[in-house]
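Structural overview for review
The primary structure of each chain is shown beneath.
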Amino acid sequence: MSYTALYRKYRPGEFEDVKGQDHIVTTLKNQIKADRIGHAYLFCGTRGTGKTTVAKIFAKAVNCEHPVDGSPCGECASCHAIQAGSSMNVIEIDAASNNGVDDIRQIRDEVAYSPTEGRFKVYIIDEVHMLSGPAFNAFLKTLEEPPAYVIFILATTEAHKIPVTILSRCQRYDFRRISIDTIAGRLRDLMEQEQVETEDAAIRYIARAADGSMRDALSLLDQCIAFYLGEKLTYDHVLEVLGAVDTEVFSRLLRAILKRDVTASIRILEEMVIQGREQGQFVTDFTWYLRNLLLVKSTDHLEDVLDMSSENLALLKEEADMVDNDTIIRYIRDFSDLSTQLRYAVQKRVLIEIALIRLCRPSMEGAQDALADRVAYLEQQLEQGVVPAAAAVQQAGNLSAGSAGVPKPQSASKPAMPKAIPEEVKQVVKQWRSIIGEMSGRARVLLGKAQLSLGGDNQLLLVFDDEMAYDYATDEVHRQEITDAISGRIGKEIEVKVQKNESGQPTGDFYPDLEQIVHMEIEIED
């Protein structure tokens, strides 16, 4: 005898076997017991949640010769015929391949004939949203007023695509995603029947990977058992078959990112690729790991929600103290976007490597939500006594100047992050683009390349990467022109200092960008 897949072998045959849809099962059983059976039903929900299964059980129950508490007995001739698929009273139609007007007209002609045995003819139309517009229109009248012996059960994963005129003629039942606990419990029962030894962690992982679908869970379990046939199914086996990654790897990856260690991050990814792990699943699972980290940081007593071992939970709580909420949210947003990109990408590994490098190097990010991460990193370096590259450049310049006896302009150095910006300087920063907009064309272009920073207690520092712009601003006449323009706008005189960025690194890594800081303050006030 040929092998039967688990999801087919253990397909529920009565309402009591249906898991995770008690709200629907109870309602349907009550309707059958009270003989208040409707003529049209719409079963909605994601794949593998039991829509077609419940439809078949319902078809058996309404035709059963000896129903028990609203559920089919499974012993009468009608139940056996429907279970075997040989009953003329239950007609299953795949709307994905039978979606034209002619197919609906055929149904409309057939309903005129009463069932040869049993009470009802039940039409189960799967993926009903695939019907064409004209087919829906041809179906309307029949669906609204079918003969008393006809029941229509429409099943769909995309209820939003069904016309309102169809929806209003049906009783709608929404099938929920099945919980991890419910799926895991069902899998354990089936493994006992199959006499297959399994680890609880392996069952839990399969249940979570199924994403609320019992059918997907059984298919994944079938695949894992087949790969390690005759052996105990362990957690590591499941990870191997599904191309998944252990939680400990995500912990190492996160810590490498927080340390800004690009090399370690890329090596972890390299390990996953060599082991043959599925890269899209790797990104999805890491996003899930970050979600768990955010939950741990946000509230306590979430052991049941997180669904992980005490050892992994301890690691997660330790990491929660190493990172702030805004950074975690940014990581989640970046990896969620990456997961979408990977669906259609050819070079998946390259995209993942770019994402990791961007997280390890916040200075590469131009977005405002990365500014706080960049500032925090620089402050952390200063607290640890790390001398920025710009400071080293300045020291070398001073030594060279002293030995030659010729003074040199000071190189860029890392000013401390301002605790508060003087009000006069803040007014200049807010109006900077407007101030230089009133100057000559050449001044507008060159001064527009300046990054505004704080040079002292009440000094505006203009930092330039561009050599020509720096030379222009250091000219005494032009500097006086800048000072006069500022005084004319705010009514106060502000000392302007000019400095060139000689660090070889992006200016934002060493000089607080006052325009971004002031802009963020304005947004917060709004």
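Residues numbered from 1 in each chain as written. Predicted model: local features only at pLDDT ≥ 70, side-chain atom pairs only at ≥ 80, totals over all residues. Heavy atoms only, no water.

A word on the sheet that holds strand 1 (residues 40-44). Remark on secondary structure: sheet strands pair via backbone hydrogen bonds, oriented parallel or antiparallel. With respect to topology, five strands assemble into an open sheet ordered 2-3-4-1-5, the strand pairing being parallel. Each end of this open sheet is capped by a strand with a single partner; those strands are strand 2 (90-94) and strand 5 (171-174). Mean inter-strand twist for the sheet, computed between neighbouring axes without regard to direction, equals 15°. Alignment of strand 3 (residues 121-126) against strand 4 (residues 150-156), held across five bridges, turns out to be parallel. Looking at the pairing, V122 lines up with I151 of strand 4. (Pairing = 2+ DSSP bridges. Helix = DSSP H or I, 4+ residues; strand = E, 2+ residues; numbered from the N terminus. Axes fitted to C-alpha atoms, helices over the stretch in contact; angles between N-to-C directions.)

Here the focus is the nonpolar core. Judged by nonpolar contacts, the single largest core of 32 residues is most densely connected at L254, I257, F286 and F335. Of all the secondary-structure elements, those providing two or more residues to this core are helix 12 (247-258), helix 13 (262-274), helix 14 (279-298), helix 16 (310-320), helix 17 (325-342) and helix 18 (348-360). In terms of residue count, helix 14 provides more of this core than any other element does, seven residues in total. Those residues in contact with L254 that sit more than four places away from it in its chain are F286, Y289, L290, L293, E319 and Y331. Judged by nonpolar contacts, the second largest core, of 28 residues, contains L187, Y205, A207 and L218. (Core = buried A, V, L, I, M, F, W, Y, C linked by side-chain atoms within 4.5 Å. Buried < 20%, exposed > 50% of the residue type's maximum accessible area, 1.4 Å probe, protein only. Contact = heavy atoms within 4.5 Å.)

Now for the sheet that holds strand 6 (residues 451-454). One open sheet holds the three strands; their spatial order is 6-7-8, and the pairing between them is mixed. Taken across any chain shown, the strands that pair with only one partner, and hence form the sheet edges, are strand 6 and strand 8 (495-500). Neighbouring strand axes in the sheet, compared pairwise and without regard to direction, differ in orientation by 30° on average. Here strand 7 (residues 459-464) runs beside strand 8; their pairing, made up of six bridges, is parallel. By the bridge assignment for strand 8, V463 is matched with Q499. Strands strand 6 and strand 7 of the sheet are contacted by helix 21 (residues 423-430), whose axis makes an angle of about 40° with strand 7. Sheet strands in contact with helix 25 (residues 476-490) are strand 7 and strand 8, and its direction is about 135° off that of strand 8.

Right, let's talk about helix 24 (residues 467-474) for a bit. Regarding helix 24, the residues found buried are A469, Y470, Y472 and A473. For helix 24, the buried positions fall inside an angular range of 160° around the axis, keeping them on one side. Residues of helix 24 that are buried sit in contact with helix 23 (441-447), strand 7, helix 25 and strand 8. (Arc of directions from axis to C-beta.)

This paragraph deals with the packing of helix 12 against helix 18. Closest axis-to-axis distance for the helix 12/helix 18 pair is 8 Å, and the angle between their directions is 50°. With respect to their mutual orientation, helix 12 and helix 18 come out oblique. Contacts from L253, A256 and I257 in helix 12 reach L356, L359 and C360 in helix 18. (Parallel < 35°, antiparallel > 145°, perpendicular 65-115°, else oblique.)

Our focus in this paragraph is the packing of aromatic side chains. Under the defined criterion, the tally for this structure stands at 14 aromatic pairs. With 6.0 Å between their ring centres and 80° between their planes, Y205 and Y235 make a pair best called edge-to-face. Of this pair, Y205 sits in helix 9 (residues 200-209) while Y235 sits in helix 11 (residues 235-242); the two residues are 30 residues apart in sequence, bridging distant segments of the chain. Residue Y205 shares its accessibility class with Y235, and that shared class is buried. Seen from their ring centres, F250 and Y289 are 6.0 Å apart, and the 40° between their planes marks the pair as tilted. With F250 in helix 12 and Y289 in helix 14, this residue pair connects regions lying 39 residues apart in the sequence. No difference in accessibility class separates F250 from Y289, as the two residues are buried. Members of the aromatic cluster, each reached through a chain of ring pairs, are Y41, F43, F58, Y173 and F175. (Phe/Tyr/Trp six-rings, centres within 6.5 Å; stacked < 30°, edge-to-face > 60°.)

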